[in-house]
Amino acid sequence: MAETDPLNETEEAFWRALMRIVLSLPRRLDADLVRTVGVTANEYTTLMCLSEAPGRELRMTDLANAAALSASRMTLLVDDLQTRGLVTKHTSSEDGRGNVAKLTPAGLAKLKEAWPTHLASVRGRVFDHVDPGTVTNAAQALSEIAAQLEAGR
């Protein structure tokens, strides 16, 4: 195995802060949404992904990928959302093999109800604590990291 240089002080501080954020921010965003509008962050993300899709519907595998959830977790989540009338699920008309989730009018209304809470949570927990001039550089750096990870490198 090739020798790897240790992290310098700045890299170490960045890494540790990033890990603290990765671990705590999702829980905080989730708690804000559940407390205020009764949806989890995963449910919010799923409704959002469907709202942005053509015809407000996606194959379950595509929806799971878009929401960064496993196929089995997405199936359970969509089944719950369907029970609550926020989505419907039907067999794909394209090939008859896969299932498609579709956002209902009630689901869109729930998403619109949750959006102000989500926005306030993100602003209050992230952007209110970062200098606006820093956001552009941070967004670029994090986007580059995300692209590398998504490419499997």
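Overview of the structure. (Residues numbered from 1 in each chain as written. Predicted model: local features only at pLDDT ≥ 70, side-chain atom pairs only at ≥ 80, totals over all residues. Heavy atoms only, no water.)

**Topic: unusual backbone geometry**
- A positive phi is found at arginine 56, a non-glycine position, where the angle reads about 55°.
- Position of arginine 56 relative to the elements: it lies in the loop between α2 (41-52) and β1 (57-59).
- Overall, the relative accessible area of 38% leaves arginine 56 in the partly exposed class. (Helix = DSSP H or I, 4+ residues; strand = E, 2+ residues; numbered from the N terminus. Buried < 20%, exposed > 50% of the residue type's maximum accessible area, 1.4 Å probe, protein only.)

**Considerations on the packing of α2 against helix α5 (residues 105-125)**
- Two elements in contact, α2 and α5, have axes whose closest approach is 10 Å; the angle formed by their N-to-C orientations is 120°. With respect to α5, the axis of α2 lies oblique. As α2 runs across α5, the sense of the crossing is left-handed. Facing α2, whose interface residues are Tyr44, Leu47, Met48 and Ser51, α5 presents Gly107, Leu108, Lys110, Leu111, Ala114, Trp115 and His118.
- Counted by class, the contact of α2 with α5 contains seven nonpolar, three polar and one charged residues. (Axes fitted to C-alpha atoms, helices over the stretch in contact; angles between N-to-C directions. Parallel < 35°, antiparallel > 145°, perpendicular 65-115°, else oblique. Left-handed = near helix turned anticlockwise from the far one by under 90°. Contact = heavy atoms within 4.5 Å. Nonpolar A, V, L, I, M, F, W, Y, C, P; charged D, E, K, R; others polar.)

**Comments concerning the pattern of salt bridges**
- For the coordinates displayed, the defined rule picks out seven salt bridges.
- Between arginine 16 and glutamate 12 there is a salt bridge whose closest N-O contact spans 2.5 Å. One end of the pair, arginine 16, and the other, glutamate 12, are both in helix α1 (residues 9-37), four residues apart, so they sit about a helical turn from each other.
- Since its relative accessible area comes to 26%, glutamate 12 is described here as partly exposed.
- Salt-bridge contacts for glutamate 113 lead to lysine 110; the nearest nitrogen and oxygen are separated by 3.4 Å. Taken together, the positions of glutamate 113 and lysine 110, both in helix α5 and three residues apart, correspond to about one turn of that helix.
- One salt-bridge network, in which partners are shared between bridges, spans Asp32, Arg35 and Arg125. (Salt bridge = Lys/Arg side-chain N within 4 Å of Asp/Glu carboxyl O.)

**Describing the packing of α2 against helix α4 (residues 71-83)**
- Relative orientation of the contacting elements α2 and α4 amounts to 80°, with a least axis distance of 11 Å. Taken as axis vectors, α2 and α4 run roughly perpendicular relative to one another. Here Asn42, Glu43, Thr46 and Leu47 of α2 come into contact with α4, specifically with Met74, Leu77, Asp80 and Leu81.
- Its residues placed into classes, the contact of α2 with α4 shows four nonpolar, two polar and two charged.

**Here we look at a nonpolar patch on the surface**
- A cluster of nonpolar side chains, Phe14, Leu142, Ile145 and Leu149, forms an exposed patch at the surface whose accessible area comes to about 390 Å².
- Within the secondary structure layout, phenylalanine 14 lies in helix α1.
- The exposure class of phenylalanine 14 is partly exposed, given its relative accessible area of 46%. (Patch = residues over 30% accessible without salt bridge, like charges linked within 9 Å, V, L, I, M, F, W, Y side chains within 5 Å. Areas by Shrake-Rupley, 256 points an atom, 1.4 Å probe, with all protein chains shown as cover.)

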